[in-house]
Amino acid sequence: MRNEFLNWTDGRDYNLFITITLRQSITSDNGHKVYIDDENIRKTAWILRDRILKSLKCESKKKVYLAFKECGSLFNKRHHLHIVTYKPDTLSIEEYENKFRSKAAKLDWVYNEIDIRPIRSGEARQVLSYSLKEGIKAFIPEASYF
């Protein structure tokens, strides 16, 4: 299944790899501690995709956005998202980063660690493979746009 996914996504236009660290817990409005779960991860990924693509609608007709989750534990590794996407040529990396960070910062579950790196020519398959290191279940189709 993993190889089929890599073959299906091969040759697409990706030029950014983004890692977003998520909070492990938040305090709800009524003061209770809520721990992150799969539903919160998926919802956060979906909302982030929606807001980013809407903010780029005038910049690009290419809207490739693949979301993946990587689960941690409360004690050794934080939950985080991997995003493989396309940055329009009309935006500098700094402009894209500013847009992305401003949208992400408004989400409850996003922690303040966001790493945005360009994907060099020929590296897309390797980046996608890395994003699938926990298996095909790491892919979040409802938070992706292809």
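Residues numbered from 1 in each chain as written. Predicted model: local features only at pLDDT ≥ 70, side-chain atom pairs only at ≥ 80, totals over all residues. Heavy atoms only, no water.

*Asks:* Pulling in residues and values, what's your account of the packing of aromatic side chains?
*Replies:* Within this structure, the stated rule accounts for seven aromatic pairs. Between the aromatic rings of Tyr96 and Phe100, the centroid separation amounts to 6.2 Å while the plane-to-plane angle is 20°, which identifies the pairing as stacked. One end of the pair is Tyr96 and the other is Phe100, both in helix 3 (residues 93-104) and four residues apart, which spans about a single turn. Taking relative accessible area as the criterion, Tyr96 reaches 1% and is therefore assigned buried. Cluster of aromatic residues (ring-pair linked, three or more members): Phe5, Trp8, Phe68, Phe139 and Phe146. Seen from the ring of Tyr111, Arg78 lies directly overhead, with NZ or CZ sitting 4.1 Å from the centre. (Phe/Tyr/Trp six-rings, centres within 6.5 Å; stacked < 30°, edge-to-face > 60°. Helix = DSSP H or I, 4+ residues; strand = E, 2+ residues; numbered from the N terminus. Buried < 20%, exposed > 50% of the residue type's maximum accessible area, 1.4 Å probe, protein only. Lys NZ or Arg CZ within 6 Å of the ring centre and 35° of its normal.)

*Asks:* Would you mind going over the packing of helix 2 (residues 38-55) against helix 3 in detail, with residue names and values included?
*Replies:* Between helix 2 and helix 3, the least distance of the axes is 10 Å, while the angle of their chain directions is 140°. Considered as vectors, helix 2 and helix 3 are oriented oblique to each other. Both helix 2 and helix 3 take part in a crossing whose hand is right-handed. Contact with helix 2, carried on its side by Leu48, Arg51, Ile52 and Ser55, involves Tyr96, Lys99, Phe100, Lys103 and Ala104 of helix 3 and no other residues of that element. For the contact of helix 2 with helix 3, the class distribution of residues is five nonpolar, one polar and three charged. (Axes fitted to C-alpha atoms, helices over the stretch in contact; angles between N-to-C directions. Parallel < 35°, antiparallel > 145°, perpendicular 65-115°, else oblique. Left-handed = near helix turned anticlockwise from the far one by under 90°. Contact = heavy atoms within 4.5 Å. Nonpolar A, V, L, I, M, F, W, Y, C, P; charged D, E, K, R; others polar.)

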